[in-house]
Amino acid sequence: SSGINAEYGDYHLFYMTKPVQKAKLLEMWGDSVESIDDVREVFLCFLENKNNRHGTQVTSLPWVYEQLQSETILIKEHILKLNRNYLFTINSQPAVNAAKSNDQTFGWGPKNGYIYQKGYIEFFAQSRDAKIIIDLITKYPVLSYTISDKDGNDCYTNHQKNCPIALTWGVFPGREIIQPTIADYKTFLIWKDEAFALWEEKWACIYEEGSESRENLREIVNDMYLICLVDNDFIEATSLWQFLDEVIEKIQERENGARAESDLSC
């Protein structure tokens, strides 16, 4: 399961091996992968609950097999912006400050309690975009981060490695604080291997071994980093999105500069 949230717990049971199921995946995720733009289309169609270019609704991703939860819808525009800029999200939650335990969106646990959450997000990024993130994130000390390439050879974190970070907790009458969700450095490293493996085990495997689509997807994934960010300020709860907006601005500046150079060379 994710190094952040147990809600992906039994994803490994969600294998699709029958030919008819493989055909359905080809319809959803595309019968070919020519570039990272094809990957982006799948993520965006899933998030927007739209049909892809072939007229098929994308109802799952390798890491997520149900539509967005109600709490995620509250940050949907932020998530869409990330995915439009090739930052492919697989897990997230908004910050919450003292929602009642019977709240329809955030509530859980015994009655007359209060729920708290730190905002976090987990996503894949191309190596050049991960570099932007690494260079900028020290400007935001309120953010906790863990960043790793596929093999774990290039890893960055400001976590205290033996000190998990509380992400979700509840305060209830007559009880100790209940803390069901944490961010943990060691668990992230284990989940990182599983998260990257799902690209191959769920997506790439629907294409023939040795095919151009399978090799293109592998090449895309081999250049990616898995990134987990936590905003420790659950009251103001603005630093995470401010930081990611700055990252996207840098990405767009780079792309605009590349296009300008290309136009000049013509």
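Let us look at the structure shown here.

Overview of the sheet that holds strand β4 (residues 119–126)
Here is step 1 of the chain: Sheet architecture is open: five strands sit in the order β1-β4-β9-β5-β6, paired in antiparallel fashion. Only two strands of the sheet have a single neighbouring strand rather than two, namely β1 (88–93) and β6 (155–157). Between one strand and the next, the sheet's axes are offset by a mean angle of 10°, whatever the strand orientation.
Here is step 2 of the chain: Where strand β5 (residues 143–149) meets strand β9 (residues 224–231), seven bridges bridge the pair, whose relative direction is antiparallel. Across the sheet, Ser148 pairs through a bridge with Leu226, a residue of β9.
Here is step 3 of the chain: With respect to the sheet, helix α2 (residues 36–48) is in contact with β1, β4 and β9, its orientation differing from that of β1 by roughly 30°.

Observations regarding the packing of α2 against helix α4 (residues 76–84)
Here is step 1 of the chain: Running from amino to carboxyl end, α2 crosses α4 at an angle of 170°, the nearest separation of the two axes being 9 Å. It follows from the interaxial angle that α2 and α4 lie roughly antiparallel. Pair α2 / α4 crosses with left-handed handedness. Two secondary-structure elements touch here, α2 through Arg40, Phe43, Leu44, Leu47 and Glu48 and α4 through Lys76, Ile79, Leu80, Asn83 and Arg84.
Here is step 2 of the chain: Across the contact of α2 with α4, the residue classes tally to five nonpolar, one polar and four charged.

With respect to helix α6 (residues 185–203)
Here is step 1 of the chain: Over its 19 residues, α6 extends 27 Å from the first C-alpha to the last, a length consistent with the 27 Å expected when each residue adds 1.5 Å.
Here is step 2 of the chain: Residue Ala197 marks the point of greatest curvature in α6, where the axis turns by about 30°.
Here is step 3 of the chain: When we look at burial in α6, the residues that qualify are Tyr185, Phe188, Trp191, Lys192, Ala195, Phe196, Leu198, Trp199, Lys202 and Trp203.
Here is step 4 of the chain: Near the N-terminus of α6, the side chain that reaches the backbone nitrogen of Lys186, with its oxygen 3.3 Å away, is that of Asp184.

Focus: the pairing of β9
Here is step 1 of the chain: For β9, the buried fraction is high: eight of the eight residues fall into the buried class.
Here is step 2 of the chain: Along β9, one buried face is formed by Met224, Leu226, Cys228 and Val230 and the opposite face, lined by Tyr225, Ile227, Leu229 and Asp231, is buried too.
Here is step 3 of the chain: In this sheet, β9 lies alongside β4 in antiparallel orientation, the contact comprising eight bridges. Paired with Gly119 across the strands is Asp231, a residue of β9.

Thresholds, definitions, all that
Sequence order as written defines residue numbering, which begins from 1 separately in each chain. In view of the model being predicted, local features appear only for residues whose pLDDT reaches at least 70, and side-chain atom pairs are presented and counted only at 80 or more, with totals across whole chains, interfaces and linings using the full set of residues. Heavy atoms throughout the structure, all of them, feed into the side-chain values; hydrogens and water do not. Only strands joined by at least two bridges in the DSSP assignment are considered to pair. By definition, any uninterrupted DSSP run of H or I lasting at least four residues is a helix, any uninterrupted run of E lasting at least two residues is a strand, and each is numbered from the N terminus. What counts as an axis is a line fitted to C-alpha atoms, over the stretch in contact for a helix, and the angles between N-to-C directions run from 0 to 180 degrees. Contacts are residue-level and defined by heavy atoms, with any inter-residue pair within 4.5 Å sufficient. Note that the term roughly parallel is reserved for angles under 35 degrees, roughly antiparallel for angles over 145, roughly perpendicular for angles of 65 to 115, and oblique for everything else. The handedness criterion is simple: a crossing whose near helix is rotated anticlockwise from the far helix by less than a right angle is left-handed, and one whose near helix is rotated clockwise is right-handed. As a working rule, the residues Ala, Val, Leu, Ile, Met, Phe, Trp, Tyr, Cys and Pro are called nonpolar, Asp, Glu, Lys and Arg charged, and the rest polar, with Gly in that last group. Helix span, as expected, comes to 1.5 Å for every residue beyond the first. Fitting axes to the seven residues that end at a residue and to the seven that start at it, the angle between those axes gives the bend at that residue. Here the term buried applies to any residue with accessible area under 20% of the maximum for its type, exposed to any over 50%, and partly exposed to those in between, with areas from a 1.4 Å probe on protein chains only. Whenever a nitrogen or oxygen atom comes within 3.5 Å of another N or O atom, the pair is scored as a polar contact, on the condition that within protein one atom can donate a hydrogen and the other can accept it, and that pairs from neighbouring residues in sequence are kept only if both atoms are in side chains.

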